Amino acid sequence: MFDPEEVRKDFPILSRKINGRPLVYFDNAASTQKPIQVINVIVEFYRNHYANIHRGLHTLSQEASEMYEKAHETLAKFINAYSWEEVVFCNNTTDAMNLVAYAWGLKNLREGDEIVATIMDHHSTMLPWRKIAKMKGAVVKYINVTPQGYLDYDSLNTIITPKTKVIVFPIASNVLGTINNVEELVKRAREVGSIVVADGAQSVPHTLTDVRKLGVDFLGFSGHKMLGPTGSGVLWGRRDILEEMDLFKVGGDTIRDVTVDDTVWLDLPWRFEAGTPNIEAGIALGVAAEYLMKLGMENVREHEKHLVAYTLKRLSEEFPDDIRVYGPRDPGDKTGVVSFNIIGLNHHTVAKALDLFGIAVRSGMHCAHPLHYSLKITYLEKPPSSLPEKPEDRLILYGSVRASYYVYNTFEEVDYFIETLGKIVNLKEALKKEKPEAPCTG
Ligand code: PMP
């Protein structure tokens, strides 16, 4: 049985105190903590097996290569890929999204082609395509988000056209938690012959992922958001598309042979992993994926769903007038993310106050500025009628506080969080005098 109290024993950092209080780590959508198994494998690799991979015939290089290749196999199993060769290791989701945009987009997009993104896209998914569109004379269109936090599926008939060549979207929003209707988006893409690029940064760590059923062409996700190390991530791609795609970065480890006139590329996935990779991060990502599979991804999903249901219920019952929550109200439609504002209190002030009580949350626009502007997500009673001209003014006015859960979070922690929010609400008038810290631009 899945028991978060048992899980917690594997995470040394959770025994830390912050400002004299036990750490409550609710910033998992930004990055998760690491279990001892992941920490140990990194130490073990450096102590006993370290060498560069794929370059030496000596024992250490062979061992390191085997460990790194095995991690690809584990990740293939984790997302039910047909083969580990479809699994390209990269640094993070941003890296995966840039890889597809440059490698597929530069080769296949023409002037006047259309790319369909969404207003809830993370900048890491939106901006690479905007850049490629500019280079190729293509046009980016956006699917809007409804006030309830869902994609506006009614608009698809007009947005998706025979000119659409790419549809790119997050499977789950990092701000609203909304789980998007992948089936519908894939169906629409197939009707017009478009490829589908899915950002799995907020879905793969939290839900069972089966790329065979998902039906998308590409899926990117980050290792550090699923108990793995920073510097680890995955781009999964459909084999036939990966095979015909141009390379993004070229150099050592991408080639079989090079003459002055010619280059013969390596097989998948190595031709997309240029240079010496983050070997230990890749190996430890495999251990993180094994850890999650042992917990059971259905259990992970159920646990977060219960935490979110409980949080939403208590927030709406106890702070109906003081706290505004964003995104779907049905826990079945969202991941373990709760974004909100205390009306009248700047989001950064709230995050700082929560930190004084040991609670780690994220505040700001969470790398999703267009979404915040579109839904007018602000702590103000009433948002201004137009966007302030200066970015620094926009960054102060718009934003939210985000609590995001994972496998080691408990109902007791949520109780403490709600109780602390109550204290902050009571101190609202005094806290209003606080000048919000310079916001991060995320
Ligand atoms: N997409 C989404 C939905 C995300 O939440 C994030 C991380 N906040 C990213 C992409 C980018 O991930 P990374 O910073 O690991 O590249």
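All values derive from a computational prediction rather than experimental measurement. (Residues numbered from 1 in each chain as written. Predicted model: local features only at pLDDT ≥ 70, side-chain atom pairs only at ≥ 80, totals over all residues.)

A. Quick look at the site of the ligand. With respect to spatial proximity, 15 residues lie near the ligand, and among them Asn92, Thr94, His122, Asn174 and Ser222 are the closest. Counting only elements with at least two residues in the shell around the ligand, the list comes to helix H4 (93-108) and helix H5 (123-136). Split into classes, the residues belonging to the shell around the ligand amount to five nonpolar, nine polar and one charged. Two domains share the shell around the ligand, each providing at least three of its residues, namely domain 1 (4-30 + 296-431) and domain 2 (39-294). (Near = placed C-beta within 6 Å. Helix = DSSP H or I, 4+ residues; strand = E, 2+ residues; numbered from the N terminus. Nonpolar A, V, L, I, M, F, W, Y, C, P; charged D, E, K, R; others polar. Domains from an automatic or database assignment.)

B. Here's a closer look at the UniProt feature "domain: Aminotransferase class V" (unreviewed entry) in the protein chain. UniProt marks residues 24-417 with the feature "domain: Aminotransferase class V" (unreviewed entry), using the numbering shown here. Within residues 24-417, the helical portion is 40% and the strand portion 16%, while the C-alpha atoms at the span's ends are 8 Å from each other. (UniProt positions renumbered as here; feature names shortened; annotations may be inferred.)

C. Representation of the sheet that holds strand S7 (residues 164-170) within the structure. Pairing is mixed in the open sheet, where seven strands are placed in the order S4-S10-S9-S8-S7-S5-S6. Of all strands in the sheet, those bounded by a partner on one side alone are strand S4 (87-90) and strand S6 (139-143). Each adjacent strand pair in this sheet contributes to an overall mean axis angle of 20°, direction not counted. Two elements, S7 and strand S8 (residues 195-199), share five bridges in a ladder whose sense is parallel. Paired with phenylalanine 169 across the two strands is alanine 198, which belongs to S8. Strands S4, S7, S8, strand S9 (218-222) and strand S10 (233-237) of the sheet are contacted by H4, whose axis makes an angle of about 35° with S10. Running over the sheet, helix H7 (residues 182-192) touches S7 and S8 and is turned about 155° from S8. (Pairing = 2+ DSSP bridges. Axes fitted to C-alpha atoms, helices over the stretch in contact; angles between N-to-C directions. Contact = placed C-beta atoms within 7 Å.)

D. Layout of the pairing of S9. In terms of burial, S9 is largely enclosed, as five of its five residues are buried. Judged by which residues are buried, S9 turns out to be covered on both faces: Phe218, Gly220 and Ser222 on one side and Leu219 and Phe221 on the other are all buried. Where S8 lies against S9, three bridges are found, and the strand directions are parallel. Directly across from valine 197, in S9, lies its bridge partner phenylalanine 218. By the bridge criterion, five bridges tie S9 to S10 in an arrangement that is antiparallel. Residue pairing for S10: serine 222 is matched across the bridge by glycine 233. (Buried ≥ 20, exposed ≤ 12 C-beta atoms within 10 Å, placed from the backbone.)

E. Expanded view of the nonpolar core. Grouped together as the largest cluster of nonpolar side chains are 125 residues, with contacts concentrated most on Val100, Val234 and Ala288. When residues of this core are assigned to their parent elements, the largest contribution, ten residues, is made by helix H10 (residues 279-295). Taken domain by domain, this core gets at least three of its residues from each of domain 1 (4-30 + 296-431) and domain 2 (39-294). (Core = buried A, V, L, I, M, F, W, Y, C linked by C-beta atoms within 7 Å.)

F. Molecular detail of the domain arrangement of the protein chain. The domain boundaries assigned to the protein chain delineate domain 1 (4-30 + 296-431) and domain 2 (39-294). One C-alpha centre belongs to domain 1, the other to domain 2; they are set 28 Å apart. Across the contact, 24 residues belong to domain 1 and 24 residues belong to domain 2. Listed by contribution, the elements that provide at least two residues to the side of domain 1 that touches domain 2 are helix H11 (297-318), strand S14 (337-342), helix H13 (369-375) and strand S17 (400-404). With five residues, the single largest contributor to the side of domain 1 that touches domain 2 is H11. Tallied by class, residues from the side of domain 1 that touches domain 2 come to eleven nonpolar, seven polar and six charged.

G. How the structure looks around unusual backbone geometry. The omega torsion of the bond from leucine 268 to proline 269 falls at -5°, within 30 degrees of zero and hence cis. You can see proline 269 is positioned in the loop between strand S12 (263-265) and H10. Here the phi dihedral of leucine 227 falls at roughly 75°; this positive angle occurs in a residue that is not glycine. Mapping leucine 227 onto the fold places it in the loop between S9 and S10. Not every positive phi belongs to a glycine, and histidine 366 is a case in point at roughly 50°. Note on histidine 366: 25 C-beta atoms within 10 Å, which makes it buried.

H. Structural view of the sheet that holds S17. Strand order in the open sheet formed by four strands is S13-S14-S17-S16, and the pairing between neighbours is antiparallel. This sheet does not close on itself; its edge strands, each paired only once, are strand S13 (323-326) and strand S16 (362-364). Taken over all neighbouring pairs, the strand axes of this sheet differ in orientation by 30° on average, direction set aside. In the sheet, S16 pairs with S17 via three bridges, with the strands oriented antiparallel. Within the sheet, the bridge partner assigned to serine 363 lies in S17 and is valine 401. Contacting S13 and S14, H11 runs over the sheet at an angle of about 20° to S14.

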